[in-house]
Amino acid sequence: MIATQAKLVYQLNKYYNERCQARKAAIAKTIREVCKVVSDVLKEVEVQEPRFISSLSEIDARYEGLEVISPHEFEVVLYLNQMGVFNFVDDGSLPGCAVLKLSDGRKRSMSLWVEFITASGYLSARKIRSRFQTLVAQAVDKCSYRDVVKMVADTSEVKLRIRERYVVQITPAFKCTGIWPRSAAQWPMPHIPWPGPNRVAEVKAEGFNLLSKECYSLTGKQSSAESDAWVLQFSEAENRLLMGGCRKKCLSVLKTLRDRHLELPGQPLHNYHMKTLLLYECEKHPRETDWDESCLGDRLNGILLQLISCLQCRRCPHYFLPNLDLFQGKPHSALEAAAKQTWRLAREILTNAKSLDKL
């Protein structure tokens, strides 16, 4: 048994050093190329409208505010200033979303975003995004990369297609620190020892983002109140939780397997599903020793089996917002195909570690 485990860990490390590192290097190269274009477009936007200041910056060879959805799809979060005169309201009526309401009607004229405030005093995510979309469309025509970049049509999101190969979504957002959403109040569960009080305090201080984008749970039933809502996002908090042990390495292997074998019609699985299931696995295995390098194979198998279970039940709860289903709106046939393909992968890795050479 131990020899089998050791063999699997050896093969996984080899897989990580060859496949995962090659994927990372290729994506890093793409990111540099994509960010040059996006920065140029955002510079043009800023000239037209100084309220939209580009927050895309490179720190330690990583771009702050950039998420990799897949090797060809990225999201850049554009942080906006001055949320000050608004209260954050999240009463659970819109899973995964919250609204920003003027704290005092008399402060309306003091807001930097006055023309995007609705009659009932809400700062409308949709109105801000609509204005931003117009500015980006104009900037695309003027920027120095205009030959290689164009807007993606037929969407209310702000999406650029670059060199006909990559899609980048640019999402206006507010950073919220020092508060924690009521809809995530159940975290951490009292009976689960991970991540421990100190890490919990750090994560909650890190806060979350409010994004102006279409919300999973609202597709197809957008009322005006809902289209004014902002989507909750916890990427910094999640990244902080995944520090230590072989967690990041495990995520890297999962993403590489997803890119190579689970990029299926109907797009049932994204990197974010892998990250979410890794966080649940951390709760199931709360001891740091469970995340030693020698346990990499066990943790990976646990996550793949959990993924199959989620795909078969057609439900994958968001880690911080369990009422939000990350599979909502995905075609059932696509989830079924992904379950079968994940099972094939898991079986191959479990029964023959050397199969990783081919995966």
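Looking at an unreviewed UniProt entry, one finds the protein chain named Mab-21-like 2, with Takifugu rubripes as its source organism. Entered under Sequence similarities (unreviewed entry) in the UniProt record, the comment concerning the protein chain runs "Belongs to the mab-21 family."

A.B. asks: Teacher, can you tell me more about the environment of Glu33 here?
C.D. replies: In this structure, Glu33 sits in helix α1 (residues 2-48). Separated by 2.7 Å, the side chains of Glu33 and Arg163 make a polar contact.

A.B. asks: Would you explain the packing of helix α8 (residues 296-313) against helix α9 (residues 332-351) in this entry?
C.D. replies: For any two helices packed against each other, one specifies the crossing angle of their axes together with the interaxial distance. Where α8 meets α9, the axes come as close as 9 Å, and the angle between the chain directions of the two elements is 160 degrees. On the basis of the axis angle, α8 is roughly antiparallel to α9. Judged by the sense of rotation from one axis to the other, the crossing of α8 with α9 is left-handed. Contact residues: Leu300, Asn301, Leu304, Leu305, Leu307, Ile308, Leu311 and Gln312 in α8; Leu335, Ala338, Ala339, Thr342, Trp343, Ala346, Ile349 and Leu350 in α9. Counted by class, the contact of α8 with α9 contains 13 nonpolar, 3 polar and no charged residues.

A.B. asks: I would appreciate a short explanation of helix α7 (residues 271-284) in the present structure.
C.D. replies: Residue pairs three or four apart in sequence face the same way in an α-helix, which turns once every 3.6 residues. Taking 1.5 Å of rise per residue, 14 residues should cover 20 Å, and α7 covers 20 Å from first to last C-alpha, within 8% of that figure. The buried fraction of α7 amounts to 12 of the 14 residues, a majority that puts the element mostly inside the structure.

A.B. asks: Would you explain the packing of aromatic side chains in this entry?
C.D. replies: The description of an aromatic ring pair uses the distance of the two centres, along with the angle that the planes make with each other. Per the counting criterion, the structure on display carries 15 aromatic pairs. Within the aromatic cluster, the residues linked to one another by ring pairs are Phe88, Trp180, Trp187, Phe208, Phe234, Tyr280, Tyr319 and Phe320. Across the ring face of Tyr122, the terminal group of Lys101 is positioned such that the distance to the ring centre comes to 5.0 Å. The lysine or arginine in question, Arg299, covers the ring of Trp291, its NZ or CZ lying 5.9 Å from the ring centre.

A.B. asks: It is not clear to me how the nonpolar core should be interpreted in this structure. Could you clarify?
C.D. replies: Looking at soluble globular proteins, one finds that nonpolar side chains tend to be buried together. With 104 residues, the main nonpolar core has Val38, Leu123 and Phe320 as its most contacted residues. Examining the composition of this core, we find that 14 residues originate from one element, α1, more than from any other. Setting aside residues up to four positions removed in sequence, Val38 forms contacts with Leu56, Val76, Leu160, Ile162, Val168 and Ile170. In terms of nonpolar packing, the next biggest core, distinct from the first, is built from 10 residues, Val99, Leu211, Cys215 and Val231 among them.

A.B. asks: What exactly am I supposed to notice about the side chain of His270 here?
C.D. replies: Position of His270 among the secondary structure elements: in the loop between α6 (247-261) and α7. A polar contact is formed between the side chain of His270 and the side chain of Lys330, at a distance of 3.5 Å. Excluding its chain neighbours within four sequence positions, the residues that come into contact with His270 are Ile69, Arg258 and Lys330.

A.B. asks: For this particular structure, what's the right way to read unusual backbone geometry?
C.D. replies: As a rule of thumb, non-glycine residues mostly have phi less than zero, and peptide bonds are mostly trans rather than cis. The linkage connecting Trp187 with the following residue, Pro188, adopts the cis geometry, with an omega of -5 degrees. If you trace the backbone, Pro188 turns up in the loop between β9 (166-176) and α3 (197-206). Note the cis peptide between Trp194 and Pro195, where omega equals 5 degrees. Examined against the element boundaries, Pro195 turns out to sit in the loop between β9 and α3. Located in the positive-phi region is Asp154, a residue other than glycine, with phi close to 60 degrees.

A.B. asks: When you look at the UniProt feature "domain: Mab-21-like HhH/H2TH-like" (unreviewed entry) in the protein chain in this model, what are you seeing that I'm missing?
C.D. replies: UniProt's feature table lists "domain: Mab-21-like HhH/H2TH-like" (unreviewed entry) at residues 246-343, given in the numbering used throughout. End-to-end, the C-alpha atoms of residues 246-343 are 23 Å apart, and along that stretch the chain is 60% helix and 0% strand.

A.B. asks: Could you clarify how one ought to interpret the pattern of salt bridges in this entry?
C.D. replies: Close approach of charged atoms allows side chains with opposite charge to pair. Counted according to the given criterion, the structure contains 26 salt bridges. Between Arg23 and Asp259 there is a salt bridge; the shortest N-O distance is 2.5 Å. With Arg23 in helix α1 and Asp259 in helix α6, this pair connects stretches of sequence that are 236 residues apart. You can call Asp259 buried: its relative accessible area is 15%. A salt bridge links Lys354 to Asp357; its shortest N-O distance comes to 3.9 Å.

Analysis parameters
Residues numbered from 1 in each chain as written. Predicted model: local features only at pLDDT ≥ 70, side-chain atom pairs only at ≥ 80, totals over all residues. Heavy atoms only, no water. UniProt positions renumbered as here; feature names shortened; annotations may be inferred. Helix = DSSP H or I, 4+ residues; strand = E, 2+ residues; numbered from the N terminus. Polar contact = N/O pair within 3.5 Å; in protein donor to acceptor, adjacent residues only side chain to side chain. Axes fitted to C-alpha atoms, helices over the stretch in contact; angles between N-to-C directions. Parallel < 35°, antiparallel > 145°, perpendicular 65-115°, else oblique. Left-handed = near helix turned anticlockwise from the far one by under 90°. Contact = heavy atoms within 4.5 Å. Nonpolar A, V, L, I, M, F, W, Y, C, P; charged D, E, K, R; others polar. Expected span 1.5 Å × (residues − 1). Buried < 20%, exposed > 50% of the residue type's maximum accessible area, 1.4 Å probe, protein only. Phe/Tyr/Trp six-rings, centres within 6.5 Å; stacked < 30°, edge-to-face > 60°. Lys NZ or Arg CZ within 6 Å of the ring centre and 35° of its normal. Core = buried A, V, L, I, M, F, W, Y, C linked by side-chain atoms within 4.5 Å. Salt bridge = Lys/Arg side-chain N within 4 Å of Asp/Glu carboxyl O.

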